[in-house]
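A closer look at the structure
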Amino acid sequence: MSRDLMESCSKFISQVRLNNTGSLETEDAYSRDVERFIKYLNDCGIKSFEDVKKDTIMDYSIKLRSGELGGVKLANSSYSRNLSSLRSFYKYLNKFEGVKNNPLIFFKNPKKEKKLPSLLLKDEMIKLLKSFDLNCDVDIRNRCIIEVIYACGLRISEATSLKLSKINFDECYLFVIGKGDKERLVPFYPRCKEIIIMYINTYRNNYLKEEHDYLFINKNGKPISNRSVQLMLQDVSIKAGLTKNVHPHMLRHSFATHLLDNGANLRVVQELLGHENLSTTQIYTHVSIDKLNKVIKDSHPRSK
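Right, let's walk through the structure included here. (Residues numbered from 1 in each chain as written. Predicted model: local features only at pLDDT ≥ 70, side-chain atom pairs only at ≥ 80, totals over all residues. Heavy atoms only, no water.)

**A word on the pairing of strand 2 (residues 173-177)**
Within a regular strand, the side chains alternate between the two sheet faces. As paired strands, strand 1 (residues 167-168) and strand 2 are joined by two bridges and run antiparallel to one another. Residue pairing in the sheet places Asn168 in a bridge with Tyr173 of strand 2. From the end of strand 1 to the start of strand 2, which pair antiparallel, there are four residues, and Cys172 there has a positive phi angle of about 60°. Summarising the sheet, strand 2 and strand 3 (residues 183-187) pair through five bridges and their orientation is antiparallel. Counted as the bridge partner of Tyr173 is Pro187 from strand 3. In sequence, strand 2 turns back onto strand 3 through a hairpin of five residues, with Gly180 there showing a positive phi of about 70°. (Pairing = 2+ DSSP bridges. Helix = DSSP H or I, 4+ residues; strand = E, 2+ residues; numbered from the N terminus.)

In C-alpha coordinates, the structure reads:
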(Lines give C-alpha, C1' and ligand atoms only; values in the text may rest on other atoms or scores of the structure.)
Protein backbone atom coordinates (compact mmCIF):
# COMPACT_ATOMS: atom_id res chain seq x y z
CA MET A 1 0.00 0.00 0.00
CA SER A 2 1.40 3.39 -0.98
CA ARG A 3 3.08 5.01 2.00
CA ASP A 4 2.33 8.53 0.71
CA LEU A 5 -1.38 7.78 0.31
CA MET A 6 -1.56 6.25 3.78
CA GLU A 7 0.24 9.25 5.25
CA SER A 8 -2.53 11.42 3.85
CA CYS A 9 -5.08 9.16 5.50
CA SER A 10 -3.29 9.43 8.87
CA LYS A 11 -3.13 13.22 8.60
CA PHE A 12 -6.83 13.33 7.68
CA ILE A 13 -7.81 11.32 10.77
CA SER A 14 -5.62 13.60 12.92
CA GLN A 15 -7.43 16.59 11.43
CA VAL A 16 -10.81 15.03 12.24
CA ARG A 17 -9.65 14.43 15.81
CA LEU A 18 -8.22 17.95 16.10
CA ASN A 19 -11.46 19.52 14.94
CA ASN A 20 -13.41 17.26 17.28
CA THR A 21 -15.93 16.64 14.51
CA GLY A 22 -17.01 13.22 15.69
CA SER A 23 -16.82 10.44 18.24
CA LEU A 24 -14.19 7.69 18.39
CA GLU A 25 -16.65 5.49 16.50
CA THR A 26 -16.80 8.12 13.74
CA GLU A 27 -13.01 8.31 13.59
CA ASP A 28 -12.82 4.52 13.30
CA ALA A 29 -15.40 4.53 10.50
CA TYR A 30 -13.51 7.26 8.60
CA SER A 31 -10.27 5.34 9.03
CA ARG A 32 -11.72 2.01 7.83
CA ASP A 33 -13.49 3.57 4.85
CA VAL A 34 -10.51 5.60 3.66
CA GLU A 35 -7.99 2.78 4.22
CA ARG A 36 -10.18 0.41 2.18
CA PHE A 37 -10.32 2.99 -0.60
CA ILE A 38 -6.54 3.49 -0.56
CA LYS A 39 -5.96 -0.27 -0.70
CA TYR A 40 -8.21 -0.37 -3.77
CA LEU A 41 -6.19 2.43 -5.39
CA ASN A 42 -2.99 0.54 -4.63
CA ASP A 43 -4.41 -2.63 -6.20
CA CYS A 44 -5.29 -0.59 -9.29
CA GLY A 45 -1.77 0.81 -9.48
CA ILE A 46 -2.94 4.38 -8.77
CA LYS A 47 -0.21 6.28 -6.90
CA SER A 48 -1.74 9.76 -6.70
CA PHE A 49 -5.12 11.11 -5.61
CA GLU A 50 -4.95 13.41 -8.65
CA ASP A 51 -5.18 10.33 -10.87
CA VAL A 52 -8.47 9.13 -9.38
CA LYS A 53 -11.19 9.61 -12.00
CA LYS A 54 -14.97 9.41 -11.99
CA ASP A 55 -14.76 5.89 -13.49
CA THR A 56 -12.43 4.85 -10.65
CA ILE A 57 -15.01 5.83 -8.05
CA MET A 58 -17.78 4.21 -10.09
CA ASP A 59 -15.92 0.89 -10.26
CA TYR A 60 -15.00 1.09 -6.57
CA SER A 61 -18.65 1.80 -5.64
CA ILE A 62 -19.96 -1.16 -7.65
CA LYS A 63 -17.48 -3.56 -6.08
CA LEU A 64 -18.09 -2.15 -2.61
CA ARG A 65 -21.88 -2.38 -2.80
CA SER A 66 -21.84 -5.86 -4.31
CA GLY A 67 -19.61 -7.21 -1.55
CA GLU A 68 -16.68 -7.93 -3.87
CA LEU A 69 -14.74 -5.53 -1.63
CA GLY A 70 -15.17 -6.26 2.05
CA GLY A 71 -17.07 -9.49 1.56
CA VAL A 72 -20.50 -8.13 2.53
CA LYS A 73 -23.13 -6.43 0.37
CA LEU A 74 -23.79 -2.92 1.63
CA ALA A 75 -27.18 -1.46 2.44
CA ASN A 76 -27.88 2.11 1.33
CA SER A 77 -27.03 3.45 4.79
CA SER A 78 -23.58 1.78 4.87
CA TYR A 79 -22.84 2.80 1.31
CA SER A 80 -23.84 6.39 2.10
CA ARG A 81 -21.47 6.41 5.06
CA ASN A 82 -18.61 5.22 2.86
CA LEU A 83 -19.32 7.94 0.31
CA SER A 84 -19.51 10.57 3.04
CA SER A 85 -16.16 9.42 4.42
CA LEU A 86 -14.51 9.73 1.00
CA ARG A 87 -16.20 13.06 0.37
CA SER A 88 -14.79 14.43 3.63
CA PHE A 89 -11.39 12.96 2.82
CA TYR A 90 -11.25 14.68 -0.56
CA LYS A 91 -12.31 17.98 0.96
CA TYR A 92 -9.34 17.60 3.29
CA LEU A 93 -7.03 16.77 0.35
CA ASN A 94 -8.27 19.79 -1.61
CA LYS A 95 -7.87 22.17 1.31
CA PHE A 96 -4.70 20.97 3.03
CA GLU A 97 -2.66 18.90 0.56
CA GLY A 98 -3.15 20.86 -2.64
CA VAL A 99 -5.01 18.12 -4.50
CA LYS A 100 -7.08 19.79 -7.22
CA ASN A 101 -9.05 16.77 -8.36
CA ASN A 102 -12.30 15.77 -6.63
CA PRO A 103 -14.15 12.92 -8.38
CA LEU A 104 -16.64 12.63 -5.51
CA ILE A 105 -18.58 15.67 -6.75
CA PHE A 106 -20.22 13.41 -9.35
CA PHE A 107 -21.74 11.07 -6.75
CA LYS A 108 -24.76 11.54 -4.51
CA ASN A 109 -25.84 9.46 -1.57
CA PRO A 110 -28.72 7.08 -2.34
CA LYS A 111 -32.09 7.91 -0.88
CA LYS A 112 -32.58 6.68 2.64
CA GLU A 113 -34.64 3.56 2.97
CA LYS A 114 -37.90 4.47 4.68
CA LYS A 115 -38.51 2.12 7.55
CA LEU A 116 -41.86 1.74 9.19
CA PRO A 117 -41.72 2.80 12.83
CA SER A 118 -41.45 0.06 15.42
CA LEU A 119 -44.23 0.00 17.98
CA LEU A 120 -45.99 -2.01 20.66
CA LEU A 121 -49.29 -3.67 19.90
CA LYS A 122 -52.18 -2.73 22.16
CA ASP A 123 -51.98 -5.91 24.22
CA GLU A 124 -48.20 -5.45 24.59
CA MET A 125 -48.74 -1.89 25.79
CA ILE A 126 -51.30 -3.05 28.34
CA LYS A 127 -48.98 -5.84 29.48
CA LEU A 128 -46.20 -3.31 30.04
CA LEU A 129 -48.41 -0.89 32.00
CA LYS A 130 -49.84 -3.67 34.16
CA SER A 131 -46.41 -5.05 35.09
CA PHE A 132 -45.72 -2.45 37.81
CA ASP A 133 -46.23 -2.84 41.55
CA LEU A 134 -48.15 0.27 42.58
CA ASN A 135 -47.19 -0.33 46.21
CA CYS A 136 -43.60 0.53 45.28
CA ASP A 137 -42.58 4.19 44.89
CA VAL A 138 -40.05 3.50 42.11
CA ASP A 139 -42.58 1.41 40.17
CA ILE A 140 -45.13 4.21 40.50
CA ARG A 141 -42.65 6.69 39.03
CA ASN A 142 -41.65 4.38 36.18
CA ARG A 143 -45.26 3.56 35.37
CA CYS A 144 -46.08 7.28 35.40
CA ILE A 145 -43.27 8.15 32.97
CA ILE A 146 -44.33 5.43 30.54
CA GLU A 147 -48.03 6.27 30.88
CA VAL A 148 -47.47 9.98 30.21
CA ILE A 149 -45.28 9.34 27.15
CA TYR A 150 -47.84 6.90 25.74
CA ALA A 151 -50.92 8.94 26.74
CA CYS A 152 -49.61 12.12 25.11
CA GLY A 153 -47.30 10.82 22.38
CA LEU A 154 -44.30 12.67 23.80
CA ARG A 155 -40.71 12.57 22.68
CA ILE A 156 -38.41 11.51 25.50
CA SER A 157 -36.94 15.02 25.79
CA GLU A 158 -40.45 16.46 26.05
CA ALA A 159 -41.25 14.07 28.90
CA THR A 160 -38.07 14.71 30.89
CA SER A 161 -38.45 18.49 30.52
CA LEU A 162 -42.18 18.49 31.39
CA LYS A 163 -43.06 21.05 34.08
CA LEU A 164 -45.69 20.68 36.79
CA SER A 165 -46.90 24.19 36.10
CA LYS A 166 -47.72 23.13 32.52
CA ILE A 167 -50.24 20.48 33.60
CA ASN A 168 -53.94 21.32 34.00
CA PHE A 169 -55.38 18.60 36.21
CA ASP A 170 -58.91 20.00 36.22
CA GLU A 171 -59.33 19.72 32.44
CA CYS A 172 -56.71 16.98 31.85
CA TYR A 173 -54.28 18.54 29.42
CA LEU A 174 -50.66 19.65 29.41
CA PHE A 175 -48.48 22.06 27.49
CA VAL A 176 -45.28 20.62 26.07
CA ILE A 177 -42.31 22.32 24.42
CA GLY A 178 -41.43 20.46 21.24
CA LYS A 179 -38.94 20.89 18.41
CA GLY A 180 -38.12 24.47 17.54
CA ASP A 181 -39.33 25.52 21.02
CA LYS A 182 -42.90 25.25 19.77
CA GLU A 183 -45.48 24.76 22.49
CA ARG A 184 -48.47 22.53 21.92
CA LEU A 185 -51.45 21.44 24.00
CA VAL A 186 -52.01 17.71 24.49
CA PRO A 187 -54.96 16.25 26.45
CA PHE A 188 -54.63 13.09 28.53
CA TYR A 189 -57.16 10.56 29.80
CA PRO A 190 -58.38 10.26 33.44
CA ARG A 191 -56.32 7.13 34.18
CA CYS A 192 -53.19 9.09 33.29
CA LYS A 193 -54.26 11.86 35.67
CA GLU A 194 -54.65 9.30 38.46
CA ILE A 195 -51.14 7.90 38.04
CA ILE A 196 -49.57 11.39 37.83
CA ILE A 197 -51.22 12.41 41.10
CA MET A 198 -50.20 9.12 42.71
CA TYR A 199 -46.61 9.68 41.59
CA ILE A 200 -46.54 13.26 42.91
CA ASN A 201 -47.94 12.20 46.29
CA THR A 202 -45.46 9.33 46.68
CA TYR A 203 -42.15 9.27 44.82
CA ARG A 204 -41.86 12.98 43.99
CA ASN A 205 -42.82 14.21 47.46
CA ASN A 206 -40.51 11.64 49.07
CA TYR A 207 -37.41 12.31 46.96
CA LEU A 208 -37.63 16.02 46.11
CA LYS A 209 -34.93 17.88 48.08
CA GLU A 210 -34.90 21.34 46.53
CA GLU A 211 -38.07 22.79 45.05
CA HIS A 212 -38.21 22.95 41.25
CA ASP A 213 -40.87 22.65 38.57
CA TYR A 214 -39.75 19.51 36.71
CA LEU A 215 -42.28 16.71 36.98
CA PHE A 216 -40.04 13.65 36.73
CA ILE A 217 -37.09 13.30 39.11
CA ASN A 218 -34.44 10.74 40.02
CA LYS A 219 -33.63 9.38 43.47
CA ASN A 220 -31.50 12.48 44.17
CA GLY A 221 -34.43 14.78 43.53
CA LYS A 222 -32.94 16.14 40.30
CA PRO A 223 -34.72 16.14 36.92
CA ILE A 224 -34.44 12.66 35.42
CA SER A 225 -32.22 12.28 32.34
CA ASN A 226 -33.17 10.91 28.95
CA ARG A 227 -30.64 8.12 29.36
CA SER A 228 -32.12 7.04 32.69
CA VAL A 229 -35.55 6.74 31.08
CA GLN A 230 -34.11 4.71 28.18
CA LEU A 231 -32.38 2.27 30.51
CA MET A 232 -35.41 2.03 32.77
CA LEU A 233 -37.71 1.21 29.86
CA GLN A 234 -35.36 -1.48 28.55
CA ASP A 235 -35.25 -3.06 32.00
CA VAL A 236 -38.98 -2.98 32.76
CA SER A 237 -39.95 -4.23 29.29
CA ILE A 238 -37.77 -7.32 29.80
CA LYS A 239 -39.29 -7.89 33.23
CA ALA A 240 -42.75 -7.55 31.65
CA GLY A 241 -41.89 -10.40 29.29
CA LEU A 242 -41.77 -8.35 26.09
CA THR A 243 -39.42 -9.73 23.45
CA LYS A 244 -39.04 -6.46 21.51
CA ASN A 245 -36.20 -4.02 22.07
CA VAL A 246 -38.40 -1.31 23.60
CA HIS A 247 -37.24 2.31 23.50
CA PRO A 248 -39.08 5.53 24.47
CA HIS A 249 -39.84 6.64 20.89
CA MET A 250 -41.62 3.33 20.36
CA LEU A 251 -44.25 4.56 22.84
CA ARG A 252 -44.77 7.68 20.71
CA HIS A 253 -45.12 5.50 17.60
CA SER A 254 -47.63 3.34 19.45
CA PHE A 255 -49.63 6.39 20.51
CA ALA A 256 -50.00 7.61 16.92
CA THR A 257 -50.76 4.22 15.40
CA HIS A 258 -53.31 3.23 18.04
CA LEU A 259 -55.15 6.54 17.58
CA LEU A 260 -55.33 6.08 13.81
CA ASP A 261 -56.38 2.44 14.22
CA ASN A 262 -59.31 3.65 16.26
CA GLY A 263 -60.46 6.25 13.74
CA ALA A 264 -58.63 9.41 14.76
CA ASN A 265 -58.27 12.10 12.10
CA LEU A 266 -54.79 12.29 10.58
CA ARG A 267 -54.54 16.06 11.01
CA VAL A 268 -55.55 15.79 14.66
CA VAL A 269 -52.78 13.24 15.21
CA GLN A 270 -50.38 15.58 13.41
CA GLU A 271 -51.31 18.35 15.86
CA LEU A 272 -50.95 16.08 18.88
CA LEU A 273 -47.51 14.88 17.76
CA GLY A 274 -46.31 18.37 16.92
CA HIS A 275 -45.36 17.48 13.35
CA GLU A 276 -44.83 20.49 11.12
CA ASN A 277 -45.61 18.52 7.95
CA LEU A 278 -48.49 16.11 7.44
CA SER A 279 -46.22 13.82 5.42
CA THR A 280 -44.29 13.04 8.61
CA THR A 281 -47.47 11.83 10.27
CA GLN A 282 -48.60 9.84 7.24
CA ILE A 283 -46.02 7.10 7.86
CA TYR A 284 -48.30 5.85 10.65
CA THR A 285 -51.09 5.29 8.13
CA HIS A 286 -48.76 2.83 6.36
CA VAL A 287 -48.42 0.90 9.60
CA SER A 288 -52.20 0.68 9.86
CA ILE A 289 -52.58 -0.26 6.20
CA ASP A 290 -50.02 -3.06 6.67
CA LYS A 291 -52.12 -4.38 9.55
CA LEU A 292 -55.28 -4.22 7.42
CA ASN A 293 -53.53 -6.06 4.60
CA LYS A 294 -52.48 -8.77 7.05
CA VAL A 295 -56.07 -9.15 8.23
CA ILE A 296 -57.24 -9.61 4.63
CA LYS A 297 -54.44 -12.05 3.87
CA ASP A 298 -55.08 -14.11 7.00
CA SER A 299 -58.86 -13.97 7.07
CA HIS A 300 -60.39 -13.45 3.63
CA PRO A 301 -61.44 -16.75 2.01
CA ARG A 302 -60.29 -15.58 -1.44
CA SER A 303 -56.77 -14.72 -0.24
CA LYS A 304 -55.80 -18.33 0.39
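**So, the packing of helix 10 (residues 248-261) against helix 11 (residues 266-273)**
Here helix 10 crosses helix 11 at 160°, and the two axes come no closer than 10 Å. On the basis of their axis angle, the class for helix 10 and helix 11 is roughly antiparallel. Of the two possible hands of crossing, helix 10 and helix 11 adopt the one that is right-handed. Residues Arg252, Phe255, Ala256, Leu259 and Leu260 of helix 10 touch helix 11, and the partners they reach there are Leu266, Val269, Leu272 and Leu273. Looking at the contact of helix 10 with helix 11, its residues break down into eight nonpolar, no polar and one charged. (Axes fitted to C-alpha atoms, helices over the stretch in contact; angles between N-to-C directions. Parallel < 35°, antiparallel > 145°, perpendicular 65-115°, else oblique. Left-handed = near helix turned anticlockwise from the far one by under 90°. Contact = heavy atoms within 4.5 Å. Nonpolar A, V, L, I, M, F, W, Y, C, P; charged D, E, K, R; others polar.)

**As for the packing of aromatic side chains**
Counted by the stated rule, this structure contains 13 aromatic pairs. Their ring planes at 90° and their centres at 5.6 Å tell us that Tyr173 and Phe175 sit as a pair that is edge-to-face. Taking the relative accessible area as the measure of exposure, Tyr173 reaches 18% and is therefore buried. Consider the rings of Tyr203 and Tyr207, whose centres lie 4.2 Å apart with planes at 25°: the pair is stacked. Taken together, the residues span about one helical turn, with Tyr203 and Tyr207 both in helix 8 (residues 190-207) at a distance of four residues. Residue Tyr207 is classed as partly exposed on the basis of its relative accessible area of 26%. Ring-pair connections join several aromatic residues into one group, and the members of that group are Phe12, Tyr30, Phe49, Phe89, Tyr90, Tyr92 and Phe96. One residue, Arg65, lies across the ring of Tyr79, its end atom 4.3 Å from the ring centre. The lysine or arginine in question, Lys163, covers the ring of Tyr214, its NZ or CZ lying 4.8 Å from the ring centre. (Phe/Tyr/Trp six-rings, centres within 6.5 Å; stacked < 30°, edge-to-face > 60°. Buried < 20%, exposed > 50% of the residue type's maximum accessible area, 1.4 Å probe, protein only. Lys NZ or Arg CZ within 6 Å of the ring centre and 35° of its normal.)

**Examining the nonpolar core**
Counting residues in each nonpolar core, the largest one holds 53 residues, and the members touching the most others are Leu128, Ile146 and Tyr199. Looking at this core, the element that brings in the most residues is helix 6 (residues 137-152), giving nine residues. In this structure, Tyr30, Ile57, Leu83 and Leu93 belong to the second largest nonpolar core, which totals 28 residues. (Core = buried A, V, L, I, M, F, W, Y, C linked by side-chain atoms within 4.5 Å.)

**Comments concerning helix 10**
When the terminal C-alpha atoms of helix 10 are compared, their 20 Å separation across 14 residues agrees well with the 20 Å that a helix rising 1.5 Å per residue should span. Of all 14 residues making up helix 10, eleven are buried, and the element is well covered by its neighbours. Along helix 10, the residues that are buried comprise Pro248, Met250, Leu251, Arg252, His253, Ser254, Phe255, Ala256, Thr257, His258 and Leu260. At the C-terminal side of helix 10, Gly263 shows a positive phi close to 95°. (Expected span 1.5 Å × (residues − 1).)

**Description of the sheet that holds strand 2**
By way of backbone hydrogen bonds, the strands of a sheet pair with one another, either parallel or antiparallel. Spatial strand order, 1-2-3: three strands in an open sheet with antiparallel pairing. Bordering the open sheet on either side are strand 1 and strand 3, each of which pairs with just one other strand.

**So, helix 3 (residues 54-66)**
The end-to-end C-alpha distance of helix 3, which contains 13 residues, comes to 18 Å, matching closely the 18 Å that a straight helix rising 1.5 Å per residue would cover. Turning to helix 3, its buried residues are Thr56, Ile57, Tyr60, Ser61 and Leu64. Taken around the axis of helix 3, the buried residues stretch over an arc of 130°, which confines them to a single face. In helix 3, the exposed positions angled more than 90 degrees off the buried face are occupied by Asp55 and Ile62. On its buried side, helix 3 packs onto helix 2 (24-43) and helix 4 (76-96). Once helix 3 ends, the next one or two residues include Gly67, with phi positive near 95°. (Arc of directions from axis to C-beta.)

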